[in-house]
Amino acid sequence: EIEEKDWGKKWKNDETTESVRVSRRLVEAAKNGDVEEVKRLLQHPLVDPSFVVGRDRWGEKTALREAAENGHVEVVRALLEDGRADVAADGSAAL
């Protein structure tokens, strides 16, 4: 059971977990070229379009990078139009 003094901490942890979950789904949808799912996920209040799912020798793996590397132009457009994706992120050379 959570004590009253820990409620705020638990709520913050739950919010962070949800943000990570939905942001990972965004990266996966971008990688797969699912533009409708990307647009839907971009509406989620906790999504982070610049979320980094990992790194490789070319830099950070983000939704924008995954979409660009896989040739998903409509997904790239949706991410750029949203305005929150970090186009200067390490690894954005695919753009």
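As shown above, the structure is provided for reference.
The rules we used
- Residues numbered from 1 in each chain as written.
- Predicted model: local features only at pLDDT ≥ 70, side-chain atom pairs only at ≥ 80, totals over all residues.
- Heavy atoms only, no water.
- Helix = DSSP H or I, 4+ residues; strand = E, 2+ residues; numbered from the N terminus.
- Buried < 20%, exposed > 50% of the residue type's maximum accessible area, 1.4 Å probe, protein only.
- Contact = heavy atoms within 4.5 Å.
- Areas by Shrake-Rupley, 256 points an atom, 1.4 Å probe, with all protein chains shown as cover.
- Arc of directions from axis to C-beta.
- Core = buried A, V, L, I, M, F, W, Y, C linked by side-chain atoms within 4.5 Å.
- Lys, Arg positive; Asp, Glu negative; His and termini not counted.
- Salt bridge = Lys/Arg side-chain N within 4 Å of Asp/Glu carboxyl O.

Q: I would appreciate a short explanation of the overall build of the protein chain in the present structure.
A: Secondary structure assignment for the protein chain yields four helices and two strands. When its helices and strands are written in sequence order, the protein chain yields α-α-β-β-α-α. Out of the 95 residues in the protein chain, the part that is buried amounts to 32%. Considering only residue pairs separated by 6 or more positions, the protein chain has 57% of its internal contacts joining residues 24 or more positions apart. Counting every atom, the protein chain has about 6,100 Å² of accessible surface; 49% of that belongs to carbon and sulfur.

Q: Would you take a moment to explain helix α2 (residues 35-42) for this structure?
A: Because an α-helix completes one turn every 3.6 residues, residues spaced three or four positions apart along the sequence face the same direction. Listed in full, the buried residues belonging to α2 are Val35, Val38, Leu41 and Leu42. Buried positions in α2, seen along its axis, are confined to an arc of 125 degrees and lie on one side of it.

Q: Even after reading the chapter, I still don't get helix α4 (residues 73-82), so can you show me in this structure?
A: For α4, the complete set of buried residues consists of Val75, Val76, Ala78 and Leu79. Buried positions in α4, seen along its axis, are confined to an arc of 160 degrees and lie on one side of it. Opposite its buried face, α4 presents the exposed residues Val73 and Glu81, each directed more than 90 degrees away. Positive backbone phi, at 90 degrees, marks Gly83, one or two positions downstream of α4.

Q: Honestly, the nonpolar core in this entry has me stumped. Any pointers?
A: Across soluble globular proteins, nonpolar side chains have a tendency to be buried as a group. The biggest cluster of nonpolar side chains holds 19 residues, and the ones touching the most others in it are Leu26, Ala30, Val38, Ala63, Ala67, Val75 and Leu79. The set of elements that each furnish at least two residues to this core consists of α1 (7-32), α2, α3 (63-69) and α4. Not counting chain neighbours up to four residues away, the residues in contact with Ala30 comprise Val38, Ala63, Glu66, Ala67, His72, Val75 and Leu79.

Q: Which parts of the structure should I look at to understand the side chain of Glu66?
A: Topologically, Glu66 is positioned in helix α3. Although Glu66 lies buried, it forms no salt bridge, and the closest oppositely charged side chain, Lys61, sits 4.1 Å away as judged by the N-O distance. If near-sequence neighbours (up to four positions away) are discounted, Glu66 is found in contact with Val27, Ala30, Lys31 and Lys61.

Q: Can you walk me through the pattern of salt bridges in this structure?
A: When charged atoms on two side chains of opposite charge get close, those side chains can pair. Within the structure shown, the criterion is met by eight salt bridges. Salt-bridge contacts for Glu37 lead to Arg25; the nearest nitrogen and oxygen are separated by 3.5 Å. With Glu37 in helix α2 and Arg25 in helix α1, the pair connects residues that are twelve residues apart, well separated along the chain. Classification of Arg25 as partly exposed rests on a relative accessible area of 31%. Arg55 is the partner of Glu60 in a salt bridge, and the nearest nitrogen-oxygen pair spans 3.7 Å. By relative accessible area, Glu60 is classed as partly exposed at 23%. Judged by relative accessible area, Arg55 falls into the exposed class, the value being 54%.

Limitation: the analysis is restricted to geometry and does not speak to function.
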